Amino acid sequence: MDSNEAGIKVRQLAEEINKHDYNYYVLDSPVISDREYDLMKRELEKLEKEYPQLVTPDSPTQRVGGKPLETFTSVSHAVPMLSLDNAFNENELLDFVRRAKNLSGVSNLEYVVEPKMDGLAVSLLYQDGGLVRGATRGDGQVGEDITHNLRTIKSIPLKLKERVDLEVRGEVYFPRKAFQDLNDRRAEQGEPLFANPRNAAAGSMRQLDPAVAASRPLNIYIYGMGSFEGFPLKNHLEMLNYLKSLGLRVNPHTAVYTDFEEVIQACKDWSLKRYELPYEIDGMVIKINDLKIQAQVGYTTRSPRWAVAFKFPAEQVETTVEDIQVSVGRTGALTPIALLTPVKVSGSVIKRASLHNQDILREKGVKIGDRVIIHKAGEVIPELVKVLKEKRTGQEKDFIMPENCPACGQEVTLIPGEVALRCLNSTCPVQMYERIVHFASRGAMDIEGLGPAAARLLLENGLVEDVADLYYLNKERLMSLDRMGEKSASKLLEALEVSKNNPLSKLLNGLGSRFLGGKGSRVIAEHFKSLDRIISASVEEMISIPEIGPKIAASVFEFFKNPANLKVVEKLRSTGVNFKQVQEQGKAQEQLFEGQAFVLTGKLQNHSRQEAQNLIEGLGGRVTSSVSRSTNYVVVGENPGSKLEQARSLEITILTEEQLQQMASSEK
Ligand code: IVH
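Parameters and conventions
- Residues numbered from 1 in each chain as written.
- Predicted model: local features only at pLDDT ≥ 70, side-chain atom pairs only at ≥ 80, totals over all residues.
- Heavy atoms only, no water.
- Near = heavy atom within 4 Å.
- Polar contact = N/O pair within 3.5 Å; in protein donor to acceptor, adjacent residues only side chain to side chain.
- Areas by Shrake-Rupley, 256 points an atom, 1.4 Å probe, with all protein chains shown as cover.
- Helix = DSSP H or I, 4+ residues; strand = E, 2+ residues; numbered from the N terminus.
- Nonpolar A, V, L, I, M, F, W, Y, C, P; charged D, E, K, R; others polar.
- Pairing = 2+ DSSP bridges.
- Axes fitted to C-alpha atoms, helices over the stretch in contact; angles between N-to-C directions.
- Contact = heavy atoms within 4.5 Å.
- Buried < 20%, exposed > 50% of the residue type's maximum accessible area, 1.4 Å probe, protein only.
- Phe/Tyr/Trp six-rings, centres within 6.5 Å; stacked < 30°, edge-to-face > 60°.
- Lys, Arg positive; Asp, Glu negative; His and termini not counted.
- Salt bridge = Lys/Arg side-chain N within 4 Å of Asp/Glu carboxyl O.

Asks: I'm lost on the site of the ligand in this one. Help?
Replies: The environment of the ligand is made up of 13 residues, and the closest members are Leu 84, Glu 114, Glu 171, Tyr 223 and Lys 287. Measuring from an oxygen atom of the ligand, one finds a side-chain N or O atom of Lys 116 at 3.3 Å. Lys 287 is positioned with one of its side-chain polar atoms (N or O) 3.0 Å from a nitrogen atom of the ligand. Alone, the ligand offers 520 Å² of accessible surface; in the complex the protein occludes 89% of this. For the shell around the ligand, the secondary-structure elements that each account for two or more residues are β3 (111-117) and β10 (281-288). The element that contributes the greatest number of residues to the shell around the ligand is β3, accounting for 4 residues. Residues belonging to the shell around the ligand are distributed by class as follows: 7 nonpolar, 1 polar and 5 charged.

Asks: Teacher, can you tell me more about the sheet that holds strand β16 (residues 381-387) here?
Replies: Sheet strands associate in pairs through backbone hydrogen bonding, adopting either a parallel or an antiparallel arrangement. The strand order across the open sheet formed by 5 strands is β14-β13-β12-β15-β16, and the pairing between neighbours is antiparallel. A strand with exactly one partner marks an edge of an open sheet, and here the two such strands are β14 (348-354) and β16. Taken pair by pair, the neighbouring strands of this sheet meet at an average axis angle of 40°, ignoring direction. With 4 bridges connecting them, strand β12 (residues 317-328) and strand β15 (residues 371-377) associate as antiparallel partners. Pairing of Thr 319 across the sheet is with Val 372, part of β15.

Asks: What am I meant to see in the sheet that holds strand β21 (residues 633-636) here?
Replies: Taking strand neighbours across the sheet as the criterion, the 4 strands line up as β20-β19-β21-β22 in an open arrangement whose pairing is parallel. Every interior strand has two partners, whereas the edge strands, β20 (622-624) and β22 (653-655), have only one. When strand polarity is set aside, the average angle formed by the axes of neighbouring strands in this sheet is 35°. Of the strands in this sheet, β19 (597-601), β21 and β22 are in contact with helix α24 (residues 657-664), which crosses β22 at around 100°.

Asks: Please clarify how unusual backbone geometry should be interpreted in this entry.
Replies: Phi is positive for Asp 446, close to 50°, though the residue is something other than glycine. Note on placement: Asp 446 falls in the loop between α12 (429-440) and α13 (452-460). Among the residues examined, Asp 446 registers a relative accessible area of 34% and is labelled partly exposed. In this structure, Lys 529 takes a positive phi of about 70° despite not being glycine. With respect to the helices and strands, Lys 529 occurs in the loop between α17 (518-528) and α18 (531-536).

Asks: Would you mind going over the packing of aromatic side chains with me for this structure?
Replies: The description of an aromatic ring pair uses the distance of the two centres, along with the angle that the planes make with each other. Taken as a whole and judged by the stated rule, the model has 12 aromatic pairs. Seen from their ring centres, Tyr 221 and Tyr 279 are 5.7 Å apart, and the 70° between their planes marks the pair as edge-to-face. You can see Tyr 221 sitting in strand β8 (residues 219-225) and its partner Tyr 279 sitting in the loop between α9 (260-273) and β10, a full 58 residues away along the chain. Like Tyr 221, the residue Tyr 279 is buried in the burial classification. Measuring from ring centre to ring centre gives 6.2 Å for Phe 310 and Phe 312, while their planes differ by 80°; the resulting arrangement is edge-to-face. Take Phe 310 and Phe 312: they sit in the same class, and that class is buried.

Asks: What's the story with the side chain of Glu 638 in this structure? I'm lost.
Replies: For Glu 638, the location among the structural elements is in the loop between β21 and α23 (642-649). Despite being buried, Glu 638 has no salt bridge partner; Lys 364 is the closest side chain of opposite charge, sitting 6.8 Å away. At 3.1 Å, the side chain of Glu 638 and the side chain of His 356 are in polar contact. Not counting residues up to four positions away in its chain, the partners in contact with Glu 638 are Ser 354, His 356, Ile 381, Pro 382, Glu 383, Gly 602, Lys 603 and Gln 605.

Asks: I tried to follow the pairing of β21 on my own but got confused; where do I start?
Replies: Where a strand is regular, its side chains alternate between the two sheet faces. Residue alternation in β21 divides its side chains into two sets, Tyr 633 and Val 635 and Val 634 and Val 636, and both sets are buried. Bridge count for β19 against β21 is 4 bridges, and the pairing is parallel. By the bridge assignment for β21, Thr 601 is matched with Val 636. Pairing geometry for β21 and β22, over 3 bridges, is parallel. Paired with Val 634 across the strands is Ile 654, a residue of β22.

Such coordinate-based values are descriptive only and should not be taken to indicate function.
Right under this line is the structure:
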């Protein structure tokens with residue numbers, strides 16, 4: 001074959017393969033066998049290898065291009081990528097229509113109803129029919145260039161059927177089944193799990209190496225155009241059909257209605273039918289069909305007035321409260337937890353739901369044996385919605401919060417102004433455990449090899465009672481433990497030895513005074529320079545430091561008035577732990593969360609707000625109160641507020657508490 005013939009063959013094969021990709025990935029209806037397809041692809045690869053000059057960027061062999069990128073580049077959207085206003089019920093839908101009718105002066109509107117895909121919004125730019133750029137939405141004005149990842153999605157044509165210039169928008173999503181498989185695999189390999197398919201889609205697109213996205217079966221539906229200037233289109237449906245004719249994948253569950261009652265009915269129907277779809281949708285989008293009327297009703301700065309997102313209510317499931325357990329946290333707070341008959345809710349199995357504290361427990365009126373309704377708040381956190389009192393048989397048992405700590409038996413206290421009952425016994429084993437884990441954590445003394453399992457082992461065998469005892473461990477004692485070999489024992493002792501030289505800020509954080517975290521510890525350590533000066537400081541002296549408020553000041557002051565704590569300090573001193581602030585921490589060594597901004601929303605299960613903040617700040621991160629474009633992560637607990645919505649619309653990575661914990665304990 002000469003190079004002319006090869007050129008013809010390469011073009012033929014590429015065209016043929018593109019057509020089959022289209023049949024398979026866009027239309028979901030393959031017309032040839034996998035084997036025939038593979039043979040064609042192999043032939044093309046072989047020819048392209050022989051004649052590299054014949055390789056074109058839109059060849060089906062070029063989806064995964066070259067090496068990983070170094071960084072992401074910013075992309076300015078010529079037309080901003082807006083978000084949608086939400087409607088949570090029928091009335092809010094009616095408000096939307098009323099406003100649209102008023103603004104347009106038209107009373108017989110036509111509506112298009114489409115599934116609201118729960119994925120990642122992207123923009124695809126085609127020039128002369130070829131895909132030249134793909135980007136995330138970012139904050140709507142500026143996103144990130146993710147062309148390398150979008151090219152790996154087989155249902156995105158690298159070349160359209162016409163040589164047009166246009167920008168289209170759509171949602172990249174992770175099919176439900178593939179998501180389960182991915183998480184199963186990750187669980188097997190001990191890798192952190194994705195909270196939901198949406199995070200998996202976003203996580204896959206935020207990779208510098210396109211091989212990651214290529215290995216995942218991501219997909220896309222296109223739902224609009226950046227601008228339709230120059231296109232003779234009358235309405236939204238026509239536009240969708242046009243996009244379809246260009247080879248783009250458009251959701252087939254799109255319908256037009258003229259009667260708004262039908263729109264409402266369609267929304268209701270889909271709240272049930274949604275689970276039959278092979279992907280997750282979190283609502284339906286209702287759009288005014290006529291493009292002229294769309295232009296008339298216009299936009300707010302945030303969203304179009306010609307469209308609205310009807311959000312499905314969270315899936316509610318009935319189950320039984322089999323028991324109520326009480327857990328004790330590091331600060332001694334008692335949290336009642338409902339143990340449930342396992343049920344599947346919004347895609348995962350739920351076995352427990354926190355009841356927060358005795359006030360909420362009383363308010364909900366839960367008894368053991370009750371039939372209850374649960375849901376996942378923000379589609380993430382399990383929550384008990386209500387007790388089905390009408391289903392009681394009389395066999396249910398009252399539950400009363402214990403008067404004594406379930407871990408140590410000491411009487412619990414209700415501190416005025418607080419909601420949680422607290423165990424104030426500083427030698428309570430659960431609290432001892434939590435304190436040791438905290439002391440050894442990365443943000444504090446950073447003792448490698450001393451995680452939750454090792455802490456439990458040491459406590460259960462009576463080797464330690466407080467954090468100072470850690471420094472009195474020796475090889476012989478460690479090796480007497482069941483699961484401790486010589487190697488791990490030496491390693492742990494070495495890590496402990498190294499930690500003695502930590503700057504004071506880390507020690508102060510590790511001691512675990514309430515409300516004091518990484519940042520506060522640094523500020524105080526920098527100011528006083530030595531632990532002895534901190535111990536003898538007055539509350540006033542501490543408050544005089546900018547950044548230190550009265551709550552932290554009082555807590556630190558009280559901490560060092562407590563004889564039990566002073567005893568630990570003296571023990572630490574005699575083992576040679578450094579009590580001085582040697583150098584500014586954080587400058588000396590780059591930290592895990594350096595430069596990362598976190599926002600917390602909702603009630604967390606295992607950490608108080610302050611503890612979560614301490615954890616983040618201890619690793620060099622910042623915690624801010626509101627979500628913005630510069631936020632890197634939003635950590636959600638129960639009853640998350642509007643911040644969760646904001647995070648979603650800005651496409652910021654959402655973390656559960658477990659995921660935060662996992663990140664915090666991972667290697668940098
Ligand atoms: S239209 C100008 N249609 O929902 C408004 N959006 O807050 C453009 N989404 O991140 C949005 N399915 O990515 C539209 N059928 C659909 C959608 C959809 C999902 C996402 C979109 C955006 C969010 C809107």
